[in-house]
Amino acid sequence: MTKPAGLRDDAGSKYEPVIGLEVHAQLKTKTKIFCPCSTTFGAAPNSQVCPVCLGLPGVLPVLNERAVAFAAMTGLAVGATVHPRSIFARKNYFYPDLPKGYQISQYDRPLCEGGGVEIHVGEVRKRIGLVRIHLEEDAGKSLHPEGREGVNTTRVDLNRAGVPLIEIVSEPDIRSGAEAYHYLTKLKQILVYLDVCDGNMEEGSLRCDANVSVRPRGQAAFGTKTEIKNLNSFRYVEKAIAYEIDRQIALIESGGRVVQETLLWDSARGVAETMRSKEEAHDYRYFPEPDLLPVDLESSWVDGLRATLPELPDALRERLVREQGIPEYDAEVLTETRALASYYEETALRSGQPKHASNWIMTEVNAVRNKTGDTIESFPIRPDRLGDLVGMVASGRVSGKIAKQLFEIMLTDPAGPEALVQKHGLLPIEDAAALRALVREVIAANPGPAAEFRSGKEKTFAFLVGQAMKQSRGRAHPEKLQAALRAVLTEESA
Amino acid sequence: MSAAENRSIVLESAEALAASVRSGARSALEVARAFLAQADRTAPKLETYLHRMPESALRDAEAVDRKRAAGETLGPLAGVPIALKDNICVRGVPTTCGSKILEGYRPPYDAHVVERLRSADAVLIGKTNCDEFAMGSSTENSAYRVTKNPWDLDRVPGGSSGGSAATVAAREAPLSLGSDTGGSVRQPAAFCGVYGLKPTYGAVSRYGLVAFASSLDQIGPFARSARDTALVQNVICGRDARDTTSRADARPIDLEALEKEITGLRVGVPRAILDEAGDGLAPSIRASFEAAISAFERVGAKIVDVALPHAKYAIATYYLIAPAEASSNLARYDGVRYGVRRADGDLRGMYEATRGAGFGREVKRRILLGTYALSAGYYDAYYLRAQKVRTLIRKDFLDALAAADSLLLPITPTPAFKIGEKTDDPLAMYLNDIFSIPASLAGVPALSFPASFDAAGLPIGLQLVGRPFDEGTMLRVARAYEREHDAASRVPAIVTAAEGGAR
């Protein structure tokens, strides 16, 4: 087996880590899963609530069809089986932010089962299998503001209570923190492509718990696992898993035994600490939710969803390689989001220069975006103008250097590149007389290299071209400049 | 208004009252006043209500009269007072479910049935007493008061909808709503000598009914005639988008069709079920049952033998499923958001103190039963198996109802028992539901109708069971019986005695 890149250097170690992830993704529906309340993030506490999501006596849940559609689309996108019948169940436990004393989830009859996600870790490709994808409602949020005079207060915001979630449970196919990172990145990419989740970890729309165990290499049976919670960034997931693998190996090596428990990741201190032991684990007393009918999906409805699935990242990447002839690496970068890929495709089409378009986006555009934090959608230079610019370079209308100046101007000036060339006097110097005058200046300023050229040192020609180009502030037409330089040099030696 | 005029109003049927209000022969206001006056006299003795609504009732009645004056068409329950069991939510009106844990709670919304009643121009007059969270068969489990049976104030009105049954029997209201999970409408109807309908599961929206056991709960009407029962049922039934278990299949009952003879209609009699009650079945009930069979034969019905082989498992099945669902449904009463809160140290302390003080013994007993039945390792043996038996019981009923148009069963093993008689013996209390629970588990409609009186003057009710969403046939059979024996027209002594011995 090839060592996956990014794995801690323990390939020689006696132990193999086994990791499974449970990802909760908030679905991008306008309303909650069982009531018509808004799901908008950031509203005043308890302003997006109604008797249903408050769990008042006498209310009943009504399933949001769009949430089912989003969950089924996710299943279809990862090749899972979307079951014609699934059943909601109640997960019973007490907590102040759980208004009904139970969470409506799915248990033994989830919406989707199976499927998988392909990840690329360096050069290695690997498929991470999925156990299931099920629908459930989110709980509210407990806030623990600073208590006054030692009085501890907890405040509960139920805006989030009833927001639709899907829980995506992976097979224990992950072998390192790095693989977990790539799996999450890919999963998020798929969800965002499907437009079913905004993928925003800061707002909690993507959350992850990790089940980690280690076993002696070659052993089939799993070791005792621990579950790590509170992993609210992909990097924390990666770090926490690495931490936990090291901890478990060190424990076993020192003669100890891993205890089944739930750990809480402390990102500030970089350690995972016991939250509850196996003995303290909840008995959730699952049973079928009697207030909701089984979810029966018509096959035509599922087929309809399948037909509307957008092109997914893997397929899009392959198509870009095939149709545009760009390298696999470029395609990978350009398909990070659907919007970026569309941006690229439009730029490539407009310019007629697929590879140049790719280079411009991967370097110039992304460099600016990294600095400004712009999304591709908010980036001020749209594909039509960038395409024109790339085309102008390709046709020799402007040099690469001028093009970069133009690009800078275009960031703040919405005019097209051609207009900007006129406006800022960036037209190329093509006039033969002007070019001759220019090269004469350069030759006069560089008598040494000119003499060397004349004595047969062809190499210094490039130097002189560079000097001339510099002198023209990049505006000289490259071919015509070279012709002029050569002509003047030969004339003068004659 | 004179006592005699009031008296004639409170003895009227809901149908006649609505007709007189629509025609203008009576005002909704005088109708409301008559019933409020009646309740002023008897309710303090019977303790039928947890919360009366005289001011809003008079306002609502005046609104009905104004509507008529403005020439608007009035609804089928125009100006008819109606009482609601205290587990049905009315916006801004205390709704406690007979529990301390909801003391002071006022729902911010109306139940579906309340919306329907309002749009039918009915007048809400109060919230009736019930067993805490509808758990009980005597209304003795109310945390607030013990309702008395209008026929004998030493006896229970039945339960859990005891207040709703007693208030109709005592002519404090012509109609009321209760809820039936395992017999909570039918059994008190029988004890109080009125009609009580448990509609098909899904016929009436549960939106706004505080849940006890979600897969069994149905709101149902109490009335003093088959026609009045149908009148209310037509108002409250039908699909509601807020309850996905509600169905559009419920057909409105044609009141005139209830008058059709039942010649040739097959009445199924599952005799074996009588033996299940053994010695617990009172001779008076058996006699009434046999007499009813003869009565149906006399009016042309065909009596057929049917079997419900799994009905004997109904109580065991019910006492797994209902408490299991209840244990989850009642988890929300945690002191965090509404109702009673008892602080005691940490979070767990608050939960324990709140629930310890807020819930009564029977509710706690059922929460424990249900929690146990759903626990890891027991789920398959208890809850899952109970669901399988439930499926068999439903099949029994559907088979029997293929051979018969309606089934005739007892509803209670005895007439109303004495207050305090069974409070120390929960099992005896549970066995009281032996005839009502099977139809609940099957989800089929069932009707308790007044059949006769025993030697002590206590009412005896019997039960008809119908096909899913065919409440009409049952009511037609009951109406045929009613034409021969109008047991519901007898008036309890308290109704007249309370007038100061005028009679």
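Just so it is clear, the model here is predicted, and its values are computed rather than measured.

### Concerning the overall build of chain B
Helices and strands together make up the secondary structure of chain B, namely 18 helices and eleven strands. In summary, chain B has a C-alpha radius of gyration of 21 Å against a globular reference of 23 Å for 503 residues, a match within 12%. Oriented by its inertia axes, the alpha-carbon framework of chain B measures out at about 65 × 60 × 45 Å. Scored against the burial criterion, the 503 residues of chain B give a buried share of 62%. For chain B, long-range pairs separated by at least 24 residues make up 77% of all intrachain contacts whose partners lie at least 6 apart in sequence.

### Things to note about the overall build of chain A
For chain A, the count of helices and strands is 15 helices and 17 strands. Expected size for 494 residues packed as a compact globule is a radius of gyration near 23 Å; at 30 Å, chain A overshoots this value by more than 25%.

### Looking at the packing of helix H12 (residues 432-445) of chain A against helix H14 (residues 460-471) of chain A
When two helices pack together, their arrangement is given by the angle between the helix axes and by the axis-to-axis distance. Residues and elements named next belong to chain A. Direction vectors running N to C along H12 and H14 enclose 120 degrees, while the axes themselves pass 9 Å from each other. Between H12 and H14, the crossing angle belongs to the class labelled oblique. Seen along the crossing, H12 lies across H14 with a hand that is right-handed. Contacts between H12 and H14 pair Leu-438, Val-439, Glu-441 and Val-442 from the former with Leu-464, Gln-467, Ala-468 and Gln-471 from the latter. Looking at the contact of H12 with H14 residue by residue, the class counts come to five nonpolar, two polar and one charged.

### Notes on the packing of helix H2 (residues 177-194) of chain A against helix H3 (residues 234-253) of chain A
All names here are of chain A. H3 packs onto H2 with a crossing angle of 155 degrees between their chain directions and a minimal axis gap of 8 Å. The angle between H2 and H3 places the two elements in the roughly antiparallel class. In the crossing of H2 with H3, the sense of the turn from one axis to the other is right-handed. From H2, Gly-177, Ala-178, Ala-180, Tyr-181, Leu-184 and Thr-185 reach across to H3, where they touch Phe-234, Val-237, Glu-238, Lys-239, Ile-241 and Ala-242. A breakdown of the residues in the contact of H2 with H3 according to their chemical character gives eight nonpolar, two polar and two charged.

### Observations concerning the domain arrangement of chain B
Residue and element names in this part refer to chain B. For chain B, the assigned domains read domain 1 (3-310 + 392-497) and domain 2 (313-387). For the side of domain 1 that touches domain 2, the secondary-structure elements that each account for two or more residues are helix H15 (426-431) and helix H16 (437-442). Element by element, the count of residues in the side of domain 1 that touches domain 2 is highest for H16, at four residues. For the side of domain 1 that touches domain 2, a count of residues per class yields 18 nonpolar, nine polar and four charged.

### Digging into the environment of B:Tyr382
Residue and element names in this part refer to chain B. Residue placement: Tyr-382 occurs in helix H14 (residues 380-403). Taking the number of C-beta atoms within 10 Å as the measure of exposure, Tyr-382 has 19 and is therefore partly exposed. Separated by 155 residues in the primary sequence, Tyr-382 and Arg-227 place their C-alpha atoms 41 Å from one another. Those residues in contact with Tyr-382 that lie beyond four places of it in its chain are Leu-320 and Ala-373.

### Considering the interface of chain B and chain A
Facing 34 residues of chain B, the contacting portion of chain A comprises 24 residues. Sorting the residues of the side of chain B that touches chain A by element identifies helix H11 (314-329), helix H12 (347-358) and helix H13 (361-374) of chain B as the ones contributing at least two each. For the side of chain B that touches chain A, the element with the highest residue contribution is H11(B), accounting for three residues. Along the lines of polarity and charge, the residues of the side of chain B that touches chain A split into 19 nonpolar, eight polar and seven charged.

### Here's the deal with the sheet that holds strand S4 (residues 88-92) of chain A
Residue and element names in this part refer to chain A. One open sheet accounts for three strands, arranged S5-S4-S16; its pairing is antiparallel. Edge positions in the sheet fall to strand S5 (102-106) and strand S16 (287-288), since each has one partner strand and no second. The sheet contact formed by S4 and S5 spans five bridges and is antiparallel. Its bridge partner being in S5, Arg-90 is matched across the sheet by Ile-104.

### Regarding H12(A)
Residues and elements named next belong to chain A. End to end, H12 covers 20 Å across 14 residues, agreeing with the expected 20 Å (1.5 Å per residue, within 8%). Along H12, the residues that are buried comprise Leu-435, Leu-438, Val-439, Val-442 and Ile-443. Around the axis of H12, the buried residues are gathered within 135 degrees of arc, so they sit on the same side. Structural note: H12 exposes Ala-433 and Ala-444 on the side pointing more than 90 degrees away from its buried face.

### Notes on the pairing of strand S2 (residues 81-85) of chain B
Consecutive residues of a regular strand have side chains that alternate between opposite faces of the sheet. All names here are of chain B. Taking burial as the measure, the five residues of S2 include five buried ones, the bulk of the element. Burial along S2 is two-sided: the residues Pro-81, Ala-83 and Lys-85 and Ile-82 and Leu-84 are all buried. Of the strand pairs in this sheet, S2 and strand S3 (residues 123-128) are connected by five bridges, and their pairing is parallel. Residue pairing across strands places Leu-84 opposite Lys-127, the latter belonging to S3. Between the parallel pair S2 and S3, the chain is carried across by helix H5 (residues 112-119), and the sense of this crossover is right-handed.

### What to know about H13(B)
In an α-helix, one turn spans 3.6 residues, which is why side chains three or four residues apart end up on the same side. Taking 1.5 Å as the rise per residue, H13(B) with 14 residues should run 20 Å; its terminal C-alpha atoms sit 20 Å apart, in good agreement. Within the sequence span of H13(B), burial applies to B:Val363, B:Arg366, B:Ile367, B:Gly370, B:Ala373 and B:Leu374. Each buried residue of H13(B) sits inside an arc of 130 degrees when the element is viewed along its axis, so together they form one side. Facing away from the buried surface of H13(B) by more than 90 degrees, the exposed residues are B:Arg361 and B:Leu368. For H13(B), the secondary structure elements touched by its buried residues are S16 of chain A together with H11 and H14 of chain B.

### Topic: the nonpolar core
One finds A:Ala71, A:Ala210, A:Val237, B:Ile82 and B:Val123 to be the most contacted residues of the largest nonpolar core, which totals 241 residues. In contact with B:Ile82, other than residues within four places in its own chain, are B:Leu117, B:Ala122, B:Val123, B:Leu124, B:Ile125, B:Ala173, B:Leu175, B:Ser176 and B:Leu177.

### A look at the pairing of strand S7 (residues 266-269) of chain B
Sheet analysis places S7(B) next to strand S8 (residues 302-305) of chain B, joined by four bridges and oriented parallel. For B:Arg266, the partnering residue across the bridge sits in S8(B) and is B:Lys302.

### Points about the environment of B:Ala250
All names here are of chain B. Note on placement: Ala-250 falls in the loop between helix H8 (226-236) and S7. Accessibility expressed as a C-beta count within 10 Å gives 24 for Ala-250, which makes it buried. Between the C-alpha atom of Ala-250 and that of Tyr-109, which follows or precedes it by 141 residues, the distance is 25 Å. Residues within four places of Ala-250 in sequence aside, it is in contact with Thr-200, Ala-203, Cys-237, Gly-238 and Phe-469.

### Some words on the confidence of the model for chain A
With 96% of its residues at a pLDDT of at least 70, chain A reaches an overall mean of 91. Confidence drops under pLDDT 50 across residues 1-12 of chain A; counting only partners more than four residues distant or on other chains, this segment forms 21 contacts.

### With respect to unusual backbone geometry
In most cases, non-glycine residues show a negative phi, while peptide bonds are predominantly trans. Residues and elements named next belong to chain B. At the junction of Gly-159 and Ser-160, the peptide bond is cis and its omega measures out at 5 degrees in the coordinates. On the secondary structure map, Ser-160 appears in the loop between S3 and helix H6 (162-169). We note that Phe-133 has phi near 50 degrees; this positive angle belongs to a residue other than glycine. For Phe-133, the location among the structural elements is in the loop between S3 and H6. Taking the C-beta count within 10 Å as the criterion, Phe-133 has 32 such neighbours and is therefore assigned buried. Of note, Arg-171 is a non-glycine position whose phi angle comes to about 60 degrees, a positive value. Position of Arg-171 relative to the elements: it lies in the loop between H6 and strand S4 (175-180).

Conventions and cut-offs
Throughout this description, residue numbers start from 1 for each chain and increase along the sequence as written. Written order determines the labels here, with chains lettered from A and ligands numbered from 1. It should be noted that, the model being predicted, local features are given only for residues of pLDDT at least 70 and side-chain atom pairs only at 80 or more, the latter also being counted only at that level, while totals for whole chains, interfaces and linings use all residues. In DSSP terms, a helix is any run of H or I states spanning at least four residues, a strand is any run of E spanning at least two, and both are numbered starting from the N terminus. The globule rule used for comparison is 2.2 Å times the number of residues to the exponent 0.38, while the radius of gyration itself is calculated over C-alpha atoms. Each residue is classed by its C-beta neighbour count within 10 Å, where at least 20 other C-beta atoms makes it buried, 12 or fewer makes it exposed, and intermediate counts make it partly exposed; the C-beta atoms are placed from backbone geometry. We call two residues in contact if the C-beta atoms placed from their backbones are at most 7 Å apart. Think of each axis as a best-fit line through the C-alpha atoms, taken over the contacting stretch in the case of a helix, with angles from 0 to 180 degrees between the N-to-C directions. Roughly parallel here means an angle under 35 degrees, roughly antiparallel means over 145, roughly perpendicular means 65 to 115, and every remaining angle is called oblique. What makes a crossing left-handed is the near helix being turned counterclockwise from the far one by less than a right angle; a clockwise turn instead makes it right-handed. All residues other than Ala, Val, Leu, Ile, Met, Phe, Trp, Tyr, Cys, Pro, Asp, Glu, Lys and Arg, Gly among them, are scored as polar; the first ten of these are nonpolar and the last four charged. All the domain ranges listed were derived from an automatic or database domain assignment. Two strands are said to pair when DSSP picks up at least two bridges between them. Take the number of residues in a helix, subtract one, and multiply by 1.5 Å to get its expected span. Here the arc refers to the directions that run from the helix axis out to each C-beta atom. Crossovers are marked right-handed if the path from the first strand over the helix to the second runs clockwise, as seen with the strands pointing away from the viewer. Remark: nonpolar core denotes a set of buried Ala, Val, Leu, Ile, Met, Phe, Trp, Tyr and Cys residues whose joining runs through C-beta atoms within 7 Å. Residue-level confidence of the predictor is what pLDDT reports, using numbers from 0 through 100.

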